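# Commentary on secondary and tertiary structure
Okay, here's what each chain looks like letter by letter:
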Amino acid sequence: MPPQQMNVAMMTSGGLAPCLSSSVAYLVEFWAAALKAGKISGLSIRMYIDGYKGVLTGDSTVISPSIYDECSCLHDVGGSPIGNSRVKLTNVKDCLKRGFIKEGETPLEAAAQQLIKDGINVIHTIGGDDTNTQAAELSKYILEKHGGKVVVVGMPKTIDNDVYPIVQTFGADTAAEQGSIFFTNVVSESSANPRMLIIHEVMGRDSGYLTAATAQKYRASIKATKFTGPGFTMTQKSRDIHAVWIPELQMSIPAEGERLRKVMDENGCVNVFLSEGAGVEEIVAEMEANGEEVPRDAFGHVSLAKINPGVYFSKRLATLVGAEKTLVQKSGYFARAAASNAFDRKLIRDCAEKGVESAIAGVSGCMGQDEDKKGTPIRAIEFERVKGGKPFNKDAAWFQELLKDIGQIA
């Protein structure tokens, strides 16, 4: 088959993660390389602004070939270089309310018409499971309703690392590293007041991966830190983590309160790492019982930022441990807005290289290490196999060792 002209589009969607800028940079790099190598006869790269909002409204820009090489500078910055939004293409009411479509239109048809108008052959969707499965639905819709083909190659972005069947999603390792850095400073607040309770609330709706990984990285840094001898209240124990609460663990607040009361008496502080998804069912049930409206986003997910799990649990725990002062600090926005670290950049690079090859071959899918295949190869994973909600493996040896080390389990 002779080389063909490729009209490539890219979009980033959902919440931020430390991978968006590097994903765009590497995709541009490998598409430009394919053109130079003669694998394609021509190339245009279009960026849709603010995710699916840009696709629906036609807000996009075609970048000049003269700046392809300059895109490598994106590796040094966090956030998205083309903007994100949370839009569900099947939520007609929400899209109409936000002015993305007109009365009588459907989001799928509006998006399809825009991609057809722009002559798109390939679209790279850089986002979580919602973003990529929606793109697959859009591609299917275009084929069935308009007889056209748009190859969709997704890049799995989420700091939750909770997507089946992908071993590691982009940005999760960097977010854990950044969360550790964040708490390295915050923990000093334990010296600002006697009997201080600090709750470090970490992002993670259904999976405790990020909380656990952040705790692991933080404890590694604490163990490598030198502390003074007797006579000082600042010790490795006072700076350590005393509890890790994630959705996958059954948790008894009274029992934990009793255990942590002893920690408070001994060290003058208690430090808890809390996954924002831990105990959400309990909080929602209480709100509904009180007749309160539970805030939700366009996808129907509970808006965790508005129900404040950290504040909810801090109020219950403070009394049990006898805290004089309580501090709840969220590292999520700090961690997710970082530039990719070396680990994530390599993962993104490898997936982008294979992703461009897959797109040229006309194969759609979400790039990643396929945990269901021998050797977990990087490949375009079939979209029908991609879904969110994968729990963290709480039985992992390193995590069980961590819990035993901090006294949370015997």
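Before any of the text, the structure's been laid out above.
Not measured: the values here are computed from a predicted model.

Parameters at a glance
Residues numbered from 1 in each chain as written. Predicted model: local features only at pLDDT ≥ 70, side-chain atom pairs only at ≥ 80, totals over all residues. Heavy atoms only, no water. Pairing = 2+ DSSP bridges. Helix = DSSP H or I, 4+ residues; strand = E, 2+ residues; numbered from the N terminus. Axes fitted to C-alpha atoms, helices over the stretch in contact; angles between N-to-C directions. Contact = heavy atoms within 4.5 Å. Buried < 20%, exposed > 50% of the residue type's maximum accessible area, 1.4 Å probe, protein only. Right-handed = clockwise from strand over helix to strand, strands pointing away. Expected span 1.5 Å × (residues − 1). Arc of directions from axis to C-beta. Polar contact = N/O pair within 3.5 Å; in protein donor to acceptor, adjacent residues only side chain to side chain. Salt bridge = Lys/Arg side-chain N within 4 Å of Asp/Glu carboxyl O.

### Topic: the sheet that holds strand β10 (residues 365–369)
- The strand order across the open sheet formed by 7 strands is β3-β2-β1-β4-β5-β10-β11, and the pairing between neighbours is mixed. Of all strands in the sheet, those bounded by a partner on one side alone are β3 (60–63) and β11 (378–381). Neighbour-to-neighbour, the strand axes of this sheet turn through a mean angle of 25 degrees, independent of strand direction.
- Relative to strand β5 (residues 151–156), strand β4 (residues 122–127) runs parallel, the two being bridged by 6 bridges. Paired with I123 across the bridge in β5 is V152.

### Observations concerning the sheet that holds strand β9 (residues 325–330)
- Strand order in the open sheet formed by 4 strands is β7-β8-β6-β9, and the pairing between neighbours is parallel. Whereas interior strands pair on both sides, the edge strands pair on one side only; in this sheet they are β7 (243–245) and β9. Ignoring which end each strand starts from, the neighbouring axes of this sheet average 20 degrees apart.
- With 3 bridges joining them, β7 and strand β8 (residues 269–275) adopt parallel strand pairing. Its bridge partner being in β8, W245 is matched across the sheet by L274.
- Across the sheet, helix α6 (residues 172–186) lies against β6 (196–202), β8 and β9, angled at about 165 degrees from β6, the strand it touches most.
- Each of β6, β7 and β8 touches helix α9 (residues 253–267); the most contacted strand, β8, lies at about 140 degrees to it.

### Some words on the pairing of β8
- Most of β8 is tucked away, with 7 of its 7 residues classed as buried.
- Covered by surrounding structure in β8 are C269, N271, F273 and S275 together with V270, V272 and L274, the residues of both alternating faces.
- Strand direction decides the pairing type here: β6 and β8, joined by 7 bridges, are parallel. Residue pairing for β8: I198 is matched across the bridge by N271.
- Remark: the β7/α9/β8 crossover connection has right-handed handedness.

### Re helix α14 (residues 342–360)
- With 19 residues, α14 extends 27 Å from end C-alpha to end C-alpha; this agrees with the ideal 27 Å at 1.5 Å per step.
- Of the residues making up α14, those classed as buried are D344, L347, I348, C351, A352, G355, V356, S358 and A359. Burial along α14 is one-sided: seen end-on, the buried residues are contained in an arc of 160 degrees. Exposed residues on α14 whose side chains face more than 90 degrees from its buried face are A342 and K346.
- At the N-terminal boundary of α14, the capping side chain belongs to N341, with an oxygen 3.2 Å from the backbone nitrogen of F343.

### Description of the pattern of salt bridges
- For the structure on display, the rule yields 19 salt bridges.
- The salt bridge partner of R195 is D265, with a shortest N-O separation of 2.9 Å. Within this pair, whereas R195 is found in the loop between α6 and β6, its partner D265 is found in helix α9, the two being separated by 70 residues in sequence.
- By relative accessible area, which is 48% here, D265 ends up partly exposed.
- A salt bridge links E256 to R259; the shortest N-O distance between them is 2.8 Å. Of this pair, E256 and R259 both sit in helix α9, 3 residues apart, which is roughly one turn of the helix.
- The class of R259 is buried, set by a relative accessible area of 17%.
- The network of salt bridges with common partners includes D370, D372, R379, E382 and R385.

On their own, these measurements won't tell you what the molecule is for.
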